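Coordinate inspection notes
One-letter residues, chain by chain:
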Amino acid sequence: MRKSLRVAGLATACTVAGAALYATGAASADQAEARPTKEPHNIGLLVGEIDTYYGATKGADGVWKSSPHSPYAKDLARIQAKAKKDIKKAAAHHPRHGKKPAIVLDVDDTALLSFDYEKSTNYTYNNDSWNAYVNEAKRPAVFGMPDLVKYAKRKGVEVFFLTGLAEPLRQGAVTNLARAGYATALDRTHVFTKDKANPPAYLKNCATPTAWNCTTVQFKEGTRKYIESTGYDIVGSFGDQTSDLAGGYADKTYKLPNPTYYVG
């Protein structure tokens, strides 16, 4: 489940406040001093830090952009440099056990940057506005990721996209990926979305046409397992959330930075 920065911050504040009240009550009962609590990070200051991290600027068109010279971009470059070395090494040792090497990328804030949406909505998620934003298919690529995909392709590594976006948003995502410079196959065998109406058989343990009970981890783990069953060894899995990467079925994982929201 996605939690916006503002919602997550308020939840943290409520948790801490609740802990403080509990501690005070316990102190009265036990004739002991209440244990101190730590005030959570001020959300206004946090937003300012995030702006600085991304190098946020608002263009004449009203679109918020991140700077290619920002700390965010530099962190991405560091991760991508390591990943390219790993991909080169892995590709040199494949095929292994008859399997072809592959990488798997999440879409939102791994392949396509949604920073403009986060800033424009004051870091507050709304399903309808988000769906409309995705369908506009105007998001820029996350810095350096199209180049990483091209590098992997040159090394003979197949590329898959695995996103928590709903199946009705597939066309918007695929169109956007192509526009953003991802020169690779973007058909249904290479782009996996969350199809709750017609879940694939490989997710039968947590999803049926009448009840989708897959967590993000189960959905992505199960899909990676399926990709490997079709003759691939996933040498690298890329995501901006830990839930994108948990569950195995990848030789290495690469966590890209994203301090704007949380997906459990």
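Now for a description of the structure that goes with this document. (Residues numbered from 1 in each chain as written. Predicted model: local features only at pLDDT ≥ 70, side-chain atom pairs only at ≥ 80, totals over all residues. Heavy atoms only, no water.)

Right, let's get into the state of the cysteines. Evaluation of the coordinates by the stated rule reveals one disulfide. Here Cys-206 connects covalently by a disulfide to Cys-214, the sulfurs 1.9 Å from one another. Every disulfide takes its handedness from the sign of the S-S torsion; for Cys-206 and Cys-214 that torsion is 80 degrees, giving right-handed. (Disulfide = S-S within 2.5 Å.)

All right, on to the pairing of strand β5 (residues 158-166) then. Taking burial as the measure, the nine residues of β5 include seven buried ones, the bulk of the element. Taken together, the four bridges between strand β4 (residues 100-105) and β5 define a ladder with parallel strand orientation. Counterpart to Ala-102 in the pairing with β5 is Glu-158. Handedness of the crossover joining β5 and strand β6 (residues 191-194) through helix α7 (residues 170-179) is recorded here as right-handed. (Buried < 20%, exposed > 50% of the residue type's maximum accessible area, 1.4 Å probe, protein only. Helix = DSSP H or I, 4+ residues; strand = E, 2+ residues; numbered from the N terminus. Pairing = 2+ DSSP bridges. Right-handed = clockwise from strand over helix to strand, strands pointing away.)

Considering only enclosed or pocket space, the largest pocket measures out at about 610 Å³ in volume. Considering the residues around the largest pocket, the lining is formed by 24 residues, among which Arg-2, Tyr-125, Gly-164, Leu-165 and Lys-194 are closest to the centre. Listing elements by their share of the lining of the largest pocket, those giving two or more residues are α5 (127-136), β5, α8 (216-229) and β11 (261-263). Taken together, the residues that form the lining of the largest pocket break down as ten nonpolar, six polar and eight charged. (1 Å grid on protein atoms, 1.4 Å probe; cavity = no way out; pocket = protein on both sides within 12 Å on 5 of 7 lines; lining within 4 Å. Points joined across faces, edges and corners; volume = space filled by probe spheres on them. Nonpolar A, V, L, I, M, F, W, Y, C, P; charged D, E, K, R; others polar.)

Notably, Asp-109 is not glycine yet its phi reads approximately 65 degrees, a positive angle. Locating Asp-109 in the fold gives a position in the loop between β4 and α4 (115-120). Backbone geometry at Tyr-249 places phi at a positive 60 degrees, although glycine is not the residue there. Positionally, Tyr-249 belongs in the loop between α9 (242-245) and β10 (253-255). Tyr-249 gets classed as partly exposed once you look at its relative accessible area, which sits at 32%.

To continue, consider a positive patch on the surface. On the surface, a cluster of positive charge is made up of Lys-88, Lys-150, Arg-154 and Lys-155. Here Lys-150 lies in helix α6 (residues 145-154). Accessibility expressed as a relative area gives 41% for Lys-150, which makes it partly exposed. (Patch = residues over 30% accessible without salt bridge, like charges linked within 9 Å, V, L, I, M, F, W, Y side chains within 5 Å. Areas by Shrake-Rupley, 256 points an atom, 1.4 Å probe, with all protein chains shown as cover. Salt bridge = Lys/Arg side-chain N within 4 Å of Asp/Glu carboxyl O. Lys, Arg positive; Asp, Glu negative; His and termini not counted. Charge placed at Lys NZ, Arg CZ, Asp CG, Glu CD.)

Here Thr-223 shows up in helix α8. With residues up to four places along the chain from it excluded, the contact list for Thr-223 reads Leu-162, Phe-192 and Tyr-202. (Contact = heavy atoms within 4.5 Å.)

Let us look at the packing of aromatic side chains. One pass over the full model with this rule turns up 16 aromatic pairs. Considering the side-chain rings of Tyr-117 and Trp-130, the 5.1 Å spacing of their centres and the 70 degrees angle between planes classify their relative orientation as edge-to-face. Of the two residues, Tyr-117 sits in helix α4 while Trp-130 sits in helix α5, which places them 13 residues apart along the sequence. Accessibility classification places Tyr-117 together with Trp-130 in one group, the buried group. By the ring-pair criterion, three or more aromatic residues cluster together here, those being Tyr-53, Tyr-54, Tyr-72, Phe-115 and Phe-143. (Phe/Tyr/Trp six-rings, centres within 6.5 Å; stacked < 30°, edge-to-face > 60°.)

Side chains Val-191 and Thr-193 of β6 all project onto a buried face; the interleaved residues Phe-192 and Lys-194 project onto the opposite face, where all are buried too. As paired elements, β5 and β6 share three bridges and run parallel to each other. Considered in β6, the bridge of Leu-162 is made with Phe-192.

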